[in-house]
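Examination of the molecular architecture
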Amino acid sequence: EERSEWSKAGLRLLTGVQERALLAPPVSHGTDYDTLRLQQAKYADVLSCDGLATTSGGATVILNAPLPTLRVSIDLPQKPVLDRFGRAADGTVPAGLPKPNGKSERDSIFKYTDTEAWIPAPDPPLSNELFAADDGFDIYIDAARWLPDNVTVSTVTCYVANDKMQLYGKLDKEMDARSMNVRCPYFLARKEMRKDPSKDWDPTLTLLVQVNGLEGNPADYVKSEKDAQREKDKAQKEGRVLDFDAPLDMESSQDASPIADLPCVIVGFAVLNLFVDPLQQEQPANRSVREYVLNEGSFQLALHRSGLKEKEDLSVRALDDEMRRLCCTLLVRIVKAPRSVDGTKVLSVKDYPGVDEDELENLNLLLKPEAYHLQGYASSRFCYPYEMEQVLYPQRLKAQTNNMLSAAESIMGLMGKRLSVEDEDAVEACLTAFDPEHCNDTLKVLRGFVKKLFRNKAATRTLDAKLSTLYMPHQGFLVSVDGVDNMTQDYHAVWTGAMTSTIPQAIYYKTDGDVGSDVTVFYQMDFQADARSPRWTDGWMWYTQRDASHGRMVVVIDVRMIVTEAKIARKFKKMKNKQVVQLGFAFLPVIGPAGNYIQSGNYRLPLYAMGSNPASLELDHADQLKPSPWGPSLQVLERIETLDTRQHISEALDAAVIVGDIHLVAASSVVCRVVDRIRYGEFVRPFIVDAGPSKVDLSNLPKGLESKYTPTPAKMSLQKKLKDSVGSFSAHSGLMMEFFKSNLKLPPTITERPDSPRPVQSSEALVDQSFGSSSATGVPVAEVATRAPSARPPPSSKVVVVQASARAPPSAKT
């Protein structure tokens, strides 16, 4: 041994881990042994410790293998390791050190700004105490983080139930009006779970949390000083008096009504197992498990869009195959209930009526939350960011800095008021209380109004994900034009394709077809599809760096055919040479009145053609169709581009139909899909005849005529229709495409399909760069799903800390 390890007295500290078996001492229990053993067995059963010892008769006790052991760890004292907030490992500040700036204060949850959107943290260590039959625990639903943009105020409901959904407890709580960011609302909900004499604890108990909200953008209801002054001036001219800044009072606010009737929707669900099997280190598989521990700790849970399926068992894995609500998480704590000094009774707040919160804290009956960056919520397993979330988190953090609205501002806006200086002071005067009932009248009024907003409103549908995330040009969006339904029978078409372009710009149409650099073509035909409903299998095309600064973006879908015969005077006449004709064009609204959001979804769009009526078909002296005007024309494009952003595009198209600029192609429609790049993996089911997507947006069809656009297939495949005139269909498709490009003067490279990039790259590549081509040509992307279980990241991956100023390691993977 080294001499430095020995003391002057010649002694050396026995360091390391020492393990010794625990043996039963030779004790004689006399004639009452059997009675004593039964008593001990009964108490051992209460503690879930039965089965440790058996008797072979008389007073002989045999310990069952494996023998219990005592493990002792001995080490030299070490200097405390300090974290970045100056705290020691136990959360205390070492003696002699100044109080760090990051030390949490009681009001810090309402008085800080996030500098990190998501913080990785491992699971808390498992408890070393088995959960006893008379134990209890407390559930804290602290807050939600980064709720979607289209949620105003929110509430939380938690259910405690076993795997068969038998309810053990329930809790409802509304958003706390003191929350500094309405996107990250605090709930401060607490639920005591104590032993019910009528039933035992079930080891499969799971916490199911549902977050509801009122659908709408808070910014739409918070009045700026300019808007408030404009309304005041208008009221003054009308002889009325408006005072948006008048402080709240209990009497006048009781009759206040919301200025908008917002629908109540389901934002999402989260689950957490309440018990853990210490041997398997996972949720107990069934009720027969006798030994388990409480899943104590702080957790950050992913919020999923959908809840349990019908007849599905409730467990921590029940939502693994459901879509996440991107970046939305829930902060939850599970705390074991304290016992009395003698250990015979589980304490409850009900045992101390009238006791203030400080005393409840001293009794460990109330544990107030720390700020997010201090609490250490376990997140790496429960909500490890998808790659698209790594892109979104910096945007969420940036939005917080630019246009953060507090909960009080949002609530006042729904009341038709502005947060006055007096009201703001009243809110800040009560930041330490946990229970809002201990707050002042201003906060009680705000809380009462939130309750009123949700009164008698049941959430019957999930929140629309279209308005959750602002459009990011460097991420772009994806479009797939899948086909045409009810194609006209006035032509014998041997090939059909679709060109797409975007408004603003639409250069191809503004240059009368001379410049085709902004055009994308869907041309890969499915010859097994119905002859009246041609389909394309090109899949997603990716569009980046498209201008949406004017508050609107539209994709023009131009359907063209190569025809060899035309119906003239009710008879088909063969043309001398094949010819390209336009079937019609449609408009897909990508960004519109709802704001700068991609309107992701499945769409059926009506086809339009130029002129007030369909042009009559005639052959010229060369036995070719006489040319007819094609579009959309400059006048039609101008109507769309100059339309007020608050109006739907259909208003401009209806006006163009009325004046005779365009007309509807009878019953013909285009089926297509569009998705925000951030939501890559959704809307992946293409439109197949009789087997397309289950939900299709029909809002762009003429009102009252939706039924006329129902597909009426010819019940004959295109392959069968063309079999006499086409040998190899793949060769035929290539020849037709070459003819199409030549006829329309399209670039030769327009049919090139480069390799698909990754769905979304790591945050280093995305936060500071615009990846992919910034040219007008779309990039095809493979269709894959993004549903993934809430599993731990692979051991080889690095955990990404998404910060405002730091970059995530490029090698991080989900």
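Rules and cut-offs
- As a convention, each chain's residues are numbered from 1 in the sequence order in which they are written.
- In keeping with the model being predicted, local features are shown solely for residues with a pLDDT of at least 70 and side-chain atom pairs are shown and tallied solely at 80 or more, while totals for entire chains, interfaces and linings include all residues.
- To get the side-chain values, take all heavy atoms of the structure and skip hydrogens and water.
- Between rings of Phe, Tyr and Trp, where Trp is taken as its six-membered ring, a pair exists when centres lie within 6.5 Å; planes separated by under 30 degrees are stacked, by over 60 edge-to-face, and by other angles tilted.
- Think of it this way: any DSSP run of H or I at least four residues long counts as a helix, any run of E at least two long counts as a strand, and we number them from the N terminus.
- Type-normalised accessible area, obtained with a 1.4 Å probe on protein chains alone, sets the label of each residue: buried when under 20%, exposed when over 50%, and partly exposed for intermediate values.
- Only buried residues count toward a nonpolar core, which is a set of Ala, Val, Leu, Ile, Met, Phe, Trp, Tyr and Cys residues joined through side-chain atoms within 4.5 Å.
- Contacts are assigned to residue pairs that have any heavy atoms within 4.5 Å of one another.
- The salt bridge criterion pairs a side-chain nitrogen of Lys or Arg with a carboxyl oxygen of Asp or Glu, the two atoms within 4 Å.
- Per-residue confidence from the prediction method is given by pLDDT, with values spanning 0 to 100.
- In this analysis, strands are considered paired if DSSP registers two or more bridges between them.
- Pairs of N or O atoms within 3.5 Å make up the polar contacts considered here, provided that, within protein, one atom can donate a hydrogen while the other can accept it, and that residues adjacent in sequence are counted only when both atoms are side-chain atoms.
- Every helix has an expected span of 1.5 Å times one less than the residues it contains.
- Lines fitted to the C-alpha atoms define the axes, with helices restricted to the stretch that makes contact. Angles between their N-to-C directions range from 0 to 180 degrees.
- Here the angle decides the label: under 35 degrees means roughly parallel, over 145 means roughly antiparallel, 65 to 115 means roughly perpendicular, and every other value means oblique.
- Each crossing gets its handedness from the near helix: less than a right angle anticlockwise from the far helix is left-handed, clockwise is right-handed.
- Here the nonpolar group is Ala, Val, Leu, Ile, Met, Phe, Trp, Tyr, Cys and Pro; Asp, Glu, Lys and Arg are the charged ones; every other residue, Gly included, is treated as polar.
- Here the arc refers to the set of directions running from the helix axis out to each C-beta atom.

Some words on the packing of aromatic side chains
Applying the stated criterion across every chain yields a total of 20 aromatic pairs. Taking the centre distance of 5.7 Å and the plane angle of 70° together, the rings of Phe110 and Tyr186 count as edge-to-face. Taken together, the positions of Phe110 in the loop between strand E4 (69–74) and strand E5 (116–118) and Tyr186 in strand E9 (residues 186–193) put the pair 76 residues apart, joining distant regions of the chain. In terms of burial, Phe110 and Tyr186 fall into one category: buried. Between the aromatic rings of Phe299 and Phe382, the centroid separation amounts to 5.5 Å while the plane-to-plane angle is 85°, which identifies the pairing as edge-to-face.

Some details on the nonpolar core
With 74 residues, the main nonpolar core has Phe477, Ile557, Phe587, Leu588 and Phe740 as its most contacted residues. What Leu588 contacts, discounting residues up to four positions off in sequence, is Val479, Met553, Val554, Val555, Ile557, Tyr603, Leu605, Cys672 and Val674.

Brief notes about the environment of Ile649
In this structure, Ile649 sits in helix H12 (residues 649–658). By relative accessible area, Ile649 is classed as buried at 2%. C-alpha separation for the pair Ile649 and Asn700, spaced 51 residues apart in sequence, amounts to 8.5 Å. Those residues in contact with Ile649, other than ones at most four positions away along the chain, are Arg552, Val554, Phe587, Pro589, Ile640, Leu643 and Asn700.

Things to note about the pattern of salt bridges
Applying the stated criterion to the full structure yields 42 salt bridges. The shortest N-O distance in the salt bridge between Lys111 and Glu428 comes to 3.8 Å. With Lys111 in the loop between E4 and E5 and Glu428 in helix H8 (residues 421–428), this residue pair connects regions lying 317 residues apart in the sequence. In this structure Lys111 comes out as partly exposed when scored by relative accessible area, which is 48%. The partly exposed category is assigned to Glu428, whose relative accessible area is 39%.

Regarding unusual backbone geometry
Cis geometry is found at the peptide bond from Ile503 to Pro504, where omega equals 5°. Mapped onto the secondary structure, Pro504 falls in the loop between strand E17 (491–503) and helix H10 (507–510). Following Gly631, the chain continues to Pro632 via a peptide bond in cis, the omega torsion being 10°. Tracing the backbone shows Pro632 in the loop between strand E22 (601–610) and helix H11 (634–641). Positive phi outside glycine occurs at Met165, with the angle close to 65°. Locating Met165 in the fold gives a position in the loop between strand E7 (151–161) and strand E8 (167–174). A residue is classified by how much of its surface remains accessible, and Met165, at 40% relative accessible area, is partly exposed. You will see that Asn456, though not glycine, has its phi angle at about 60°, which is positive. Turning to its location among the elements, Asn456 is positioned in the loop between helix H9 (441–454) and strand E16 (477–485). Overall, Asn456 belongs to the exposed group, its relative accessible area being 79%.

Considerations on the confidence of the model for the protein chain
Of all residues in the protein chain, 77% attain a pLDDT of 70 or more, and the chain-wide mean is 82. Segment residues 759–779 is flagged for pLDDT under 50; beyond a separation of four residues in sequence, or across chains, it makes 60 contacts in the model. Contacts for the low-pLDDT stretch residues 782–814, under 50 throughout, to residues beyond four places or in other chains number 81 contacts.

A few points about the pairing of strand E6 (residues 137–145)
Of all nine residues in E6, nine are buried, a share of seventy percent or more. Bridge count between E6 and E9: six bridges; the pairing is antiparallel. By the bridge assignment, Ile141 is partnered in E9 with Ala189. Summarising the sheet, E6 and strand E15 (residues 324–336) pair through eight bridges and their orientation is antiparallel. Residue pairing for E15: Ala143 is matched across the bridge by Leu331.

What about the side chain of Gln579?
Looking at the secondary structure, you find Gln579 in strand E21 (residues 571–591). Among the polar contacts made by the side chain of Gln579, one reaches the side chain of Gln624 at a distance of 3.1 Å. The residues touching Gln579, leaving out its near neighbours within four places in the chain, are Met561, Ile562, Val563, Gln624, Leu625 and Phe739.

Some details on helix H6 (residues 387–403)
Taking 1.5 Å of rise per residue, 17 residues should cover 24 Å, and H6 covers 25 Å from first to last C-alpha, within 8% of that figure. Burial runs high along H6: 12 of the 17 residues are buried. Those residues of H6 that sit buried are Glu387, Met388, Glu389, Gln390, Val391, Leu392, Tyr393, Pro394, Gln395, Arg396, Leu397 and Gln400.

What about the packing of helix H7 (residues 407–414) against H9?
The interhelical angle for the contact between H7 and H9, taken along N-to-C directions, is 60°, at an axis separation of 10 Å. The angle between H7 and H9 places the two elements in the oblique class. By crossing handedness, the relation of H7 to H9 is classed as left-handed. In this structure, H7 uses Ala408, Ile411, Met412 and Leu414 to contact H9, whose residues at the interface are Leu446, Phe449, Val450 and Leu453. Looking at side-chain class alone, the contact of H7 with H9 contains eight nonpolar, no polar and no charged residues.

Overview of H11
Taken together, the buried positions of H11 are occupied by Val636, Leu637 and Ile640. End-on, the buried residues of H11 take up no more than an arc of 100°, which puts them together on one face. Buried residues in H11 make contact with E17, H10, strand E20 (553–568), E21, H12 and strand E23 (662–676).

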